[in-house]
Amino acid sequence: MWIEKSLDINYPDEPISSYSYLADTKNVKEVCNLIEAFGTGITGFKMVEVPAEKILSHLSKPERDSIVKKIENMLSNSQKSQERHMKGMIMRSPKDFFMLEIKGNEVVCRTIQFSHNGKETLYEMSEESDGTVRILDLLEILLSEEGKTYVIDELDRCLHPSLSYKIVDSYLRMAAKKNIQLIVTTHESRLLDFNLLRRDEIWFVNKRKTGESDIYSLEEYNARFDQKIDKAYLEGRYGGVPVQYCIPH
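Calculation criteria
Residues numbered from 1 in each chain as written. Predicted model: local features only at pLDDT ≥ 70, side-chain atom pairs only at ≥ 80, totals over all residues. Heavy atoms only, no water. Helix = DSSP H or I, 4+ residues; strand = E, 2+ residues; numbered from the N terminus. Buried < 20%, exposed > 50% of the residue type's maximum accessible area, 1.4 Å probe, protein only. Contact = heavy atoms within 4.5 Å. Areas by Shrake-Rupley, 256 points an atom, 1.4 Å probe, with all protein chains shown as cover. Phe/Tyr/Trp six-rings, centres within 6.5 Å; stacked < 30°, edge-to-face > 60°. Lys NZ or Arg CZ within 6 Å of the ring centre and 35° of its normal. Salt bridge = Lys/Arg side-chain N within 4 Å of Asp/Glu carboxyl O. 1 Å grid on protein atoms, 1.4 Å probe; cavity = no way out; pocket = protein on both sides within 12 Å on 5 of 7 lines; lining within 4 Å. Points joined across faces, edges and corners; volume = space filled by probe spheres on them. Nonpolar A, V, L, I, M, F, W, Y, C, P; charged D, E, K, R; others polar. Pairing = 2+ DSSP bridges. Axes fitted to C-alpha atoms, helices over the stretch in contact; angles between N-to-C directions.

Draft legend 1. Inspection of the overall build of the protein chain at higher detail. Helices and strands together make up the secondary structure of the protein chain, namely eight helices and 10 strands. Per-residue burial over the protein chain gives 38% buried out of 249 residues. Residue pairs at least 24 apart in sequence account for 64% of intrachain contacts in the protein chain once pairs closer than 6 positions are excluded. Accessible area of the protein chain: about 15600 Å², with a carbon and sulfur share of 50%.

Here you go:
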């Protein structure tokens, strides 16, 4: 049950978040403050209704057929049970977000649009930069409930080094108050900072010439707390750096 409900594994080419936290209107102010703090330029967002045809146009024919079938089943179940509760599904791709909801006999489709610098013009997610979308994904962790463990491959993808640092720093401040855990892989050496992480929180992966990989902690090196770990790492002192081969002329 822990693996199913609490362990959240994320790969570099997949969206981290379903953006369900954006659909919760109670979170709007908190989310806006977080987004603005990361320098995205976004100052507001809102859920906007869109035609169902627009959503379906983004899908292949097998995907469209599958979604239409799910909608028909939801409508049928809603009519049979005569429930008044709203049902629906969230659809997420790397640069799009759509929410389909069943209200009675009607299908309502919505998406998120963002305003920048306090202006009224709204922009779709597909118009935002990859870095902004990455920040929006990572906010899922900062707004996480208790008991979650996130594993993120390539945390620093599409992010400026200072933003990668800020994400980890913001998470650690939050983790002091919540029972959550974050495990990441990264090539961002600036995260090797004793002002940010303890020695036992930093691990290296070193690939042998034969292809196997070893994982080991910085704790094994007993590094001084005033040492520039990132510089020592880039110099190869702890391993975990690419093997240097001579390029033949």
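Draft legend 2. Representation of the packing of aromatic side chains. Summed over all chains, the structure comprises six aromatic pairs. Judged by centre distance (6.3 Å) and plane angle (50 degrees), the rings of Tyr216 and Tyr221 are tilted. Using a relative accessible area of 12% as the deciding quantity, one classes Tyr216 as buried. Judged by its relative accessible area of 36%, Tyr221 is partly exposed. Taking NZ or CZ as reference, Lys166 lies 5.3 Å from the ring centre of Phe38, over its face.

Draft legend 3. Structural view of the pattern of salt bridges. For the structure on display, the rule yields nine salt bridges. Arg173 is the salt-bridge partner of Asp169, the closest N and O atoms lying 3.1 Å from each other. Linking Asp169 with Arg173, this pair stays in helix α7 (residues 161-175), spanning four residues, or about one helical turn. Take Asp169: its relative accessible area is 24%, and that puts it in the partly exposed class. In this structure, Arg199 engages Glu219 in a salt bridge whose closest nitrogen and oxygen atoms are separated by 3.4 Å. A residue pair is termed long-range when its members are at least 10 positions apart, and Arg199 in the loop between β8 (181-184) and β9 (203-207) and Glu219 in the loop between β10 (213-217) and α8 (229-234) qualify at 20 residues. Assessed through its relative accessible area of 13%, Arg199 is described here as buried. Judged by its relative accessible area of 40%, Glu219 is partly exposed.

Draft legend 4. Broad picture of the layout of surface pockets. The volume enclosed by the largest pocket comes to roughly 1200 Å³. Looking at the largest pocket, it is lined by 33 residues, and the ones nearest its centre are Val184, Thr185, Thr186, Trp203 and Phe204. At the level of secondary structure, the elements contributing two or more residues to the lining of the largest pocket comprise α7, β8, β9 and β10. Broken down by element, the lining of the largest pocket gets its largest block of residues, five residues, from β9. Counted by class, the lining of the largest pocket contains 18 nonpolar, eight polar and seven charged residues.

Draft legend 5. A look at the sheet that holds β8. Taken in spatial order, the three strands of this open sheet run β1-β7-β8, and their pairing is parallel. Looking at strand neighbours, the two that pair on one side only are β1 (7-10) and β8, the edges of this open sheet. Neighbour-to-neighbour, the strand axes of this sheet turn through a mean angle of 10 degrees, independent of strand direction. Across four bridges, β1 lies against strand β7 (residues 149-152) in parallel orientation. Within β7, the position partnered with Asp8 by the bridge is Tyr150. Along the sheet, helix α6 (residues 130-142) contacts β7 and β8; its crossing angle with β7, the most-contacted strand, is approximately 150 degrees.

Draft legend 6. Just empty space enclosed by the protein, in detail. Here the structure, examined in full by the defined rule, presents one cavity of 30 Å³ or more. Considered as a void within the structure, the largest cavity measures approximately 60 Å³ in volume. Lining the largest cavity we find Lys54, Lys95, Asp96, Phe97, Phe98, Thr111, Ile112, Glu124, Met125 and Ser126. Of all the secondary structure elements, the ones that give two or more residues to the lining of the largest cavity are β4 (96-103) and β5 (106-116).

Draft legend 7. Quick look at the environment of Leu192. Inspection of the secondary structure puts Leu192 in the loop between β8 and β9. Accessibility expressed as a relative area gives 11% for Leu192, which makes it buried. For Leu192 and Lys228, which are 36 residues apart along the polypeptide, the C-alpha to C-alpha distance reads 8.2 Å. Aside from chain neighbours lying at most four places away, what touches Leu192 is Ile202, Phe204, Ile229, Asp230 and Tyr233.

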